[in-house]
Structure formats: structure tokens, C-alpha cells
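# A closer look at the structure
What follows is the residue order along each chain.
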Amino acid sequence: MDNQLIIEVLSFIQSFINAIFPIFFWGLIIYILSSWLPGLRESAFGQILGKIYEPILEPFRKIIPPLGGVLDLSPIIAIIVMQLFLSGLNAIFNTIITSLY
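Residue indices begin from 1 for each chain and proceed along its sequence in written order. Reporting of local features is limited, given that this is a predicted model, to residues whose pLDDT is at least 70; pairs of side-chain atoms are given and counted only at 80 or more, and all residues count toward the totals for whole chains, interfaces and linings. Based on all heavy atoms of the structure, the side-chain values leave hydrogens and waters out of the count.

Secondary structure is summarised from DSSP: a helix means a run of H or I of at least four residues, a strand means a run of E of at least two, and numbering begins at the N terminus for each. Per the secondary structure count, the chain includes four helices and zero strands. Listing each helix as α and each strand as β along the chain from the N terminus yields α-α-α-α. The quantity called the radius of gyration is restricted to C-alpha atoms. Its globule counterpart is 2.2 Å times the number of residues to the power 0.38. A globule of 101 residues ought to have a C-alpha radius of gyration of about 13 Å, yet the chain, at 18 Å, is considerably larger. In terms of overall dimensions, the chain has a C-alpha envelope of 55 × 30 × 15 Å along the principal axes. Looking at the chain as a whole, 25% of its 101 residues are labelled buried. Residue contacts are counted whenever heavy atoms from the two residues lie within 4.5 Å of one another. Considering only contacts within the chain whose residues lie at least 6 apart along the sequence, 57% involve residues at least 24 apart. With the model as given, the accessible surface of the chain reaches about 6,900 Å², and the carbon-plus-sulfur share is 75%. Side chains of the chain give 4 positive and 6 negative charges; the mean places of these two sets differ by 13 Å. Remark: exposure states derive from per-residue accessible area (1.4 Å probe, protein chains only) relative to the maximum for the residue type, with buried under 20%, exposed over 50%, and partly exposed in between. Using the Shrake-Rupley algorithm and a 1.4 Å probe, accessible areas are obtained, with residue cover drawn only from the displayed protein chains. This count recognises Lys and Arg as positive and Asp and Glu as negative, with His and chain-terminal groups excluded. A charged residue contributes its charge at one atom only: NZ of Lys, CZ of Arg, CG of Asp or CD of Glu.

Structure, rendered in C-alpha cells:
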């Protein structure tokens with residue numbers, strides 16, 4: 001397989017991930033803020049967001065329980081982990097693409 005084709009495919013995958021991540025990030029922010037509006041959490045939109053984001057937040061909640069039973073820090077930790085993951089993924093893609101030139 002030609003290196004140029006591999007570079008183009010990897011660049012496309014990297015661009016796609018970098019385009020989808022902000023949408024996912026802002027969806028998480030909306031889901032977090034919806035906890036302040038109980039009606040929104042129970043709407044169809046809130047339930048869809050819950051199905052997407054609760055499986056992601058649950059492992060963080062097991063590690064870091066809510067402070068005082070009220071303040072849930074798991075979304076903040078999840079956002080930090082996601083940002084670190086994206087940075088690491090971009091570094092890996094850039095290393096692979098640079099090595100193919």
C-alpha cells in the first residue's frame with residue numbers, strides 16, 4: 001500500500017475524530033447542566049443524553065463518589081480524561097503520519 005494513501009486515510013480519521021469530539025464534549029456539558037433543570041433530564045432529549053453519557057460517567061462515579069452526597073465531580077474528571085485522551089490520540093496520529101513521510 002502506498003504511504004501517501006495511508007497518510008491520507010490517517011489524516012481523515014484524525015480530522016473526523018477532531019470534528020466529532022467537540023460535539024460529544026458539548027453534549028456532555030448540556031447533560032451536566034440539565035441536572036439543574038429536572039424537567040429537561042426527564043424529557044426525551046434528556047433521556048437520550050442519559051443513555052449516551054451515563055455509561056461514560058458511571059466508572060468515574062465509582063472511583064469518585066459525590067462529595068457530601070450532592071456535588072458530583074465525575075463529569076469534570078471525565079472531561080479532563082477525554083481531553084487527555086484526545087491529546088494523546090492526536091500525538092499518536094501525528095507521530096505515525098510524520099514517520100510515514
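The geometry of helix α3 (residues 44-63) relative to helix α4 (residues 74-100) is characterised by a closest axis approach of 9 Å and an angle of 115° between their N-to-C directions. Between α3 and α4, the angle falls in the class roughly perpendicular. Crossing handedness for the pair α3 and α4: right-handed. In this structure, α3 contributes Leu57, Phe60 and Arg61 to the contact, and α4 contributes Ser74, Pro75, Ile77, Ala78 and Val81. The residue classification treats Ala, Val, Leu, Ile, Met, Phe, Trp, Tyr, Cys and Pro as nonpolar and Asp, Glu, Lys and Arg as charged. All others, Gly included, are polar. Of the residues in the contact of α3 with α4, the class split is six nonpolar, one polar and one charged. Note on method: axes are straight lines fitted to C-alpha atoms, helices fitted across the in-contact stretch only, with angles between N-to-C directions ranging 0 to 180 degrees. Roughly parallel refers to an angle under 35 degrees, roughly antiparallel to one over 145, roughly perpendicular to one between 65 and 115, and oblique to any angle outside these ranges. Crossings are sorted by hand: turned counterclockwise from the far helix by less than a right angle, the near helix makes the crossing left-handed, and turned clockwise it makes it right-handed.

To continue, consider the nonpolar core. For the purposes of this section, nonpolar cores are sets of buried Ala, Val, Leu, Ile, Met, Phe, Trp, Tyr and Cys residues that join through side-chain atoms within 4.5 Å. With 13 residues, the main nonpolar core has Phe21, Phe25, Leu28, Tyr31, Tyr53, Leu57 and Ile79 as its most contacted residues. Counting only elements with at least two residues in this core, the list comes to α1 (3-33), α3 and α4. Of all the elements, α1 adds the most residues to this core, at five residues. With sequence-adjacent residues up to four places away left out, Leu28 is seen in contact with Tyr53, Leu57, Ile79 and Met82.

Helices are assigned an expected span. That span is 1.5 Å times one less than the residue count. Spanning 31 residues, α1 covers 45 Å between terminal C-alpha atoms, matching the ideal 45 Å at 1.5 Å per step. For α1, the full list of buried residues reads Ile7, Leu10, Gln14, Phe21, Phe25, Gly27, Leu28, Ile29 and Tyr31. Elements in contact with the buried residues of α1: α2 (38-41), α3 and α4.

Within the fold, Leu67 resides in the loop between α3 and α4. Sequence separation of Leu67 and Trp26 is 41 residues, and the distance between their C-alpha atoms is 24 Å.

What follows covers the environment of Leu49. As for its position among the elements, Leu49 is in helix α3. Once the C-alpha coordinates of Leu49 and Ile30 are considered, the two residues, 19 residues apart in sequence, prove to be 8.5 Å apart. If we skip the residues at most four places from it in the chain, Leu49 touches Gly27, Ile30, Tyr31 and Glu54.

With respect to the helices, strands and loops of the structure, Gln14 is situated in helix α1. Beyond its immediate stretch of four places on either side in the chain, Gln14 contacts Asn90, Phe93, Asn94 and Ile97.

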